[in-house]
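Per-entry structural report
So you can see what is in the structure, the chains are spelled out below.
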Amino acid sequence: MFHRLIKPFTLLPLMVGLTSLAILYGSAGHAASPTELAAEAEALAREGNMQAAMERMQKAADALWDLQELKVIEAAIVVEDRKAQTLTLKSGGDLTTTVTLAGFGYEGSEDDLKVSFAVDVDIRHSSGRVLASMENFAQINEAVPGRLSEFTIQMIVTTPALLDGDYQAAFTLRDLVSGQATQFSLGFSIDGIAKANQSGQ
């Protein structure tokens, strides 16, 4: 579900949460427009073919879903199971982040839908200067039971060696199905250095 990458960050176990299950179901991707499909559904209903009309209306809803833009609903730092917008930690400490997305694409058939994302991350100084960067920091390929209104990803970044000061973790999230991308940044501060493991001393 993801690649474990070492430099300059360490990717700890990535957790994928599925929320708001299946407000729409159906196959992903249609050639006809939502308007055309809805018009066909209306015509079928007038003819009394309600089963076919409902199936066509579902396809119209699916096509409308596919027109959405990828966007971040919420992004936050997680501190002891609570969400925060900033955090002070030691250099080399772990930064746990969570992001909830909407407007993502699907691949596969009605009975085998999947979502697929790749995440790039930069660590930036408060001045905007990039201090460390990693492409494909995380990759997510997840089977889903149906079309979801939201998809949540949780990631843990082990920070590189940083001086005391203010920084940002800047993420670029790429939807590998739709080809869309979105970005979000979370601020954090460094105060001191994380202690090395003292075991055996």
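About the cut-offs
Residues numbered from 1 in each chain as written. Predicted model: local features only at pLDDT ≥ 70, side-chain atom pairs only at ≥ 80, totals over all residues. Heavy atoms only, no water. Helix = DSSP H or I, 4+ residues; strand = E, 2+ residues; numbered from the N terminus. Buried < 20%, exposed > 50% of the residue type's maximum accessible area, 1.4 Å probe, protein only. Contact = heavy atoms within 4.5 Å. Pairing = 2+ DSSP bridges. Axes fitted to C-alpha atoms, helices over the stretch in contact; angles between N-to-C directions. Salt bridge = Lys/Arg side-chain N within 4 Å of Asp/Glu carboxyl O. Phe/Tyr/Trp six-rings, centres within 6.5 Å; stacked < 30°, edge-to-face > 60°. Core = buried A, V, L, I, M, F, W, Y, C linked by side-chain atoms within 4.5 Å.

Now for the overall build of the protein chain. If you tally the helices and strands in the protein chain, you get two helices and ten strands. If you list the helices and strands of the protein chain from N to C, you get β-α-α-β-β-β-β-β-β-β-β-β. Expressed as a percentage of the 201 residues in the protein chain, the buried residues total 40%. Across the protein chain, the fraction of contacts at a sequence separation of at least 24, relative to all contacts at a separation of at least 6, is 71%.

Take the sheet that holds strand β6 (residues 113–125) next. What the five strands build is an open sheet, ordered β4-β10-β9-β6-β7; its pairing is mixed. Across the chains shown, the open sheet's two edge strands, defined by having one partner strand only, are β4 (88–91) and β7 (130–144). Neighbour-to-neighbour, the strand axes of this sheet turn through a mean angle of 35 degrees, independent of strand direction. Note: β6 against strand β9 (residues 165–175), nine bridges, orientation antiparallel. Its bridge partner lying in β9, Phe117 is registered against Asp175.

Turning next to the environment of Ile190. Relative to the helices and strands, Ile190 is located in strand β10 (residues 181–193). Looking at Ile190, the relative accessible area reads 4%, which means it is buried. Put simply, Ile190 and Leu163 are 27 residues apart on the chain and 6.8 Å apart in space, counted from C-alpha to C-alpha. Sequence-distant contacts of Ile190, defined by excluding residues within four places in its chain, comprise Leu89, Lys90, Ser91, Leu162, Leu163, Asp164, Gly165 and Tyr167.

The full count for this structure, using the stated rule, is five salt bridges. With a shortest N-O distance of 2.9 Å, Lys83 and Glu74 are connected by a salt bridge. As a salt-bridge pair, Asp122 and Arg124 come within 3.3 Å of each other at their nearest N and O atoms.

With that settled, the discussion passes to the packing of aromatic side chains. The tally for this structure, following the rule as stated, stands at six aromatic pairs. Residues Phe117 and Phe151 carry aromatic rings whose centres are separated by 5.5 Å and whose planes lie at 40 degrees to one another, so their mutual orientation is tilted. Here Phe151 lies in strand β8 (residues 150–158) and Phe117 lies in strand β6, a separation of 34 residues in the sequence. Here Phe117 matches Phe151 in class, with each residue buried. Ring geometry for Tyr167 against Phe188: centres 5.8 Å apart, planes inclined by 25 degrees, an arrangement best described as stacked. Placement of Tyr167 in strand β9 and of Phe188 in strand β10 is noted, with a sequence separation of 21 residues between them. Looking at Tyr167, the relative accessible area reads 6%, which means it is buried. For Phe188, a relative accessible area of 1% puts it in the buried group. An aromatic cluster is defined as three or more aromatic residues linked by ring pairs; in this entry it consists of Phe104, Tyr106, Phe117 and Phe151.

A separate point is the nonpolar core. In this structure, Phe104, Phe117, Phe151, Ile153 and Phe188 are the most contacted members of the largest nonpolar core, which totals 35 residues. Counting residues per element, the ones that place at least two in this core are β2 (71–79), β5 (94–102), β6, β7, β8, β9 and β10. For Phe117, the contacting residues outside a window of four places in its chain are Leu101, Phe104, Ala138, Gln139, Ile140, Phe151, Ile153, Leu173, Arg174, Asp175 and Leu176.

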